[in-house]
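# Descriptive structure summary
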Amino acid sequence: MSMETHDSPSIRRLPVLGGAPPAEAVNDEALEAELKAFEEAERERLGIRKERQQWVDSMLTPEVKREEREKITILNAGLTAAQDFLIEGALRGRGYKVKFIGVSDNAGLQVGKEFGNRGQCNPTYFTVGSLVKYLIDLRDVHGMETRDIIKNYMFLSAGACGPCRFGMYVTEYRKALRDAGFEGFRVMLFQQQGGLSQATGDDVGIEMNPPFFIAIIKAIVSGDVLNALAYRVRPYELVPGATNAAVEASKRILYEALRTRANIFLALYRCRKEFLKVQVDKLRPRAKVSIIGEFWAMTTEGDGNYHLQKFLESEGSENDIQLTTAWLLYNIWEVARDTRERKLLKSSDGGQYGLAAMDTDAFGVTRRLATMRVAELGLRVGFQAFALPIGLYGYKLPDMDHVAEVAQSYYSNDLRGGEGHMEVGKLIVNTVNQKCHLTVSVKPFGCMPSSGVSDGVQSLITARYPGTLYCAVETSGDGATNFYSRVQMFMYKARIMAEQELQRTYTELGVTEDQVRAFLAAHPRFASPLHKAPHAVAGTAADLVHQVAPYLTRTRAQRTRDALTRGAQRVRALASRAPAVARAVTAKARDPEFRAQVAQDAGVLRDLAAGQARGRFGPLLETLFSRAVFD
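Bear in mind that the values here come from a model prediction, so they are computed numbers and not experimental data. (Residues numbered from 1 in each chain as written. Predicted model: local features only at pLDDT ≥ 70, side-chain atom pairs only at ≥ 80, totals over all residues. Heavy atoms only, no water.)

Turning our eyes to something else, we now look at the overall build of the protein. Helix and strand counts for the protein come out as 22 helices and eight strands. Looking at the protein residue by residue over its 631 residues, the buried ones come to 48%. Of the accessible surface of the protein, which amounts to about 31,300 Å², a share of 54% is contributed by carbon and sulfur atoms. (Helix = DSSP H or I, 4+ residues; strand = E, 2+ residues; numbered from the N terminus. Buried < 20%, exposed > 50% of the residue type's maximum accessible area, 1.4 Å probe, protein only. Areas by Shrake-Rupley, 256 points an atom, 1.4 Å probe, with all protein chains shown as cover.)

Further remarks concern helix α9 (residues 264–276). Spanning 13 residues, α9 covers 19 Å between terminal C-alpha atoms, matching the ideal 18 Å at 1.5 Å per step. Those residues of α9 that fall on the buried side of the exposure criterion are I264, A267, L268, C271, R272 and F275. Considered in projection along α9, the buried side chains sweep an arc of 155° and stay on one side of the axis. Backbone nitrogen of F265 and a side-chain oxygen of the N-cap are separated by 2.8 Å at the start of α9; the cap is N263. (Expected span 1.5 Å × (residues − 1). Arc of directions from axis to C-beta. Polar contact = N/O pair within 3.5 Å; in protein donor to acceptor, adjacent residues only side chain to side chain.)

Looking now at the pairing of strand β8 (residues 470–475). Most of β8 is tucked away: five of the six residues are buried. By the bridge criterion, six bridges tie strand β7 (residues 438–444) to β8 in an arrangement that is parallel. Opposite P444, over in β8, you have T475 as the bridge partner. (Pairing = 2+ DSSP bridges.)

Quick look at the sheet that holds strand β6 (residues 317–320) now. Read across the open sheet, the four strands follow the order β6-β5-β7-β8; overall the sheet is parallel. Because the sheet does not close on itself, it has two edges, and the strands there are β6 and β8. Averaged over all neighbouring strand pairs, the angle between strand axes comes to 30°, with direction disregarded. Bridge count for strand β5 (residues 287–293) against β7 is five bridges, and the pairing is parallel. (Axes fitted to C-alpha atoms, helices over the stretch in contact; angles between N-to-C directions.)

Per the counting criterion, the structure on display carries 17 aromatic pairs. With centroids separated by 6.3 Å and ring planes inclined at 70°, the aromatic side chains of Y306 and Y484 adopt a geometry described as edge-to-face. Linking Y306 in the loop between α10 (295–299) and α11 (308–314) with Y484 in helix α17 (residues 480–509), this pair joins segments that are 178 residues apart in sequence. Relative accessible area serves as the criterion here: at 6%, Y306 is assigned to the buried category. A cation over an aromatic ring shows up here: R69 above the ring of Y96, its NZ or CZ 4.1 Å from the ring centre. Cation over ring: K493 sits above F490, and NZ or CZ is 5.3 Å from the ring centre. (Phe/Tyr/Trp six-rings, centres within 6.5 Å; stacked < 30°, edge-to-face > 60°. Lys NZ or Arg CZ within 6 Å of the ring centre and 35° of its normal.)

Looking now at α17. Taking 1.5 Å of rise per residue, 30 residues should cover 44 Å, and α17 covers 42 Å from first to last C-alpha, within 8% of that figure. Regarding α17, the residues found buried are F483, V487, F490, M491, A494, A498, E501, L502, T505 and Y506. Phi turns positive one or two residues past the end of α17, at G510, with a value near 70°.

So, on to unusual backbone geometry. Here R261, not a glycine, exhibits a phi torsion of approximately 60°, which is positive. Here R261 is to be found in the loop between α8 (242–260) and α9. Even without being a glycine, Q434 presents a positive backbone phi close to 50°. As for its placement among the helices and strands, Q434 is situated in the loop between α15 (422–432) and β7. The exposure class assigned to Q434 is partly exposed, which follows from its relative accessible area of 40%.

Within soluble globular proteins, side chains that are nonpolar generally end up buried alongside one another. The biggest cluster of nonpolar side chains holds 74 residues, and the ones touching the most others in it are I206, F212, F383 and L392. Contributing elements (two or more residues each) for this core: α2 (81–93), β3 (153–159), α7 (210–233), α8, α9, α12 (324–342), α13 (364–390) and α14 (400–407). The contacts of F212, once residues within four sequence positions are left out, are L91, Y96, L156, I206 and E207. (Core = buried A, V, L, I, M, F, W, Y, C linked by side-chain atoms within 4.5 Å. Contact = heavy atoms within 4.5 Å.)

Below is the structure:
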């Protein structure tokens, strides 16, 4: 008697007699046929008889014709509320119709999750959802026809590449827009590495040229100094809401200056007067909190990070935020470092910052490095030119070389994505230099560069630097309670540290709070909302006591002697290093590469001076930023 098995994969492999199939095999075949017929009927009923086609982005290079310029409205969002509002004013000043669609909220998150791909990071859902929701409201609430929305609106955003999913945002925008019924809606990008002239010509409606980007940069830096000053003043206001009122008045002043292309520095000075109206008490102990992390999560001021900045202030903090200007400095640092590291590869290097294009002469690499140095200097000087009129005194932008140096032992400077090594470097700088009591790192749930890499390294940093307060939190859109609970635990410790620091300062300097308050009452300039005491410790109140105490405990002659003593100590320190410095300078001066570098730096500065003398501010700023901020 022979035995065999049936070959059908849908039937169990059972022995049969004489080759005849068992009854259950027949039943299985009938069941399969019935299921197939049901599937075909459902496809017919649902209208999906055609084979599914993979979606392909067909809007990679959307265009806006010059004839559409007067009709089309540019929608923008993605930075802080102040910066997006000011960008609207700046681009209106260039002749465009612009509308800021508001800070991302949970309603936008839900729309983003409905129409977006699964597994995206939080910023994608919030930003994509906010745009789609805005368009849906235009259609369903305001009764606008879909074809008119597609024809008369577009969205403008920044683009990038690299390991962070930020580089895929634009595809997510277009996919979600298609699924929401807005197939063909234009999403246009200006690339971070694209230079200051990205879309120009006779028939281009959105001219991405130097004046376009310069207007955006002015709005961004104006928003930076406004935000930094507001976070510095608000924790110490005596009348709740007074700082917010000053911010709103200042935003309107700056908006009009950018829209009418008036003198921005005079506008900033007018904003200064608004902040001088705020009454403050800077002897209140406040925990200084540095907010770092993923760029969008630490920058947004809405539901995307559970209103983190506002919540921290309600818990007794003074927030030290990260400015967009610092991100621009990081971009400049990246280009300069990559150029130095790859300069020996020359034409064989075809990477993002490849050097093939610089082989036209012997000094191509040196010229780029000189441009980066000039660009960094221009950005730093430009920031202070915006900061001083509004009253943002003593604000120091981070030294990117120093941040990279302290982070190098723990996090490779060549490991990119998110903020790269900056998160690690900032925590070390905050701790060593007593810049804050608490560092909070906020990022979207599952952010690979920040959560998966940086946070793992930070545990080693906190072990190497005892006493470091570091709080890592993630956002997912629906975990506010756990988020707030974790932040509160660390804020309790930070408040205790701030209070103890202030009391210790009173004791060590031999003054009392009443004495300091009496001095401030007699010398109003020290009590001004714009006054910034020199850095001594982490807290603002303790810094102020450090500044005031010598006026209470030392005579004028003694203070003069103290100043002369400190000056003499610095001179002696410099003198002790002078021989070594002289030897290093002499060796450097004999280095042919260094001499060529100096010559190129001088050439760049000479070209800039000539351009400014001729009144050619466009070429001047293009030289500063085209290969730096957007390269």
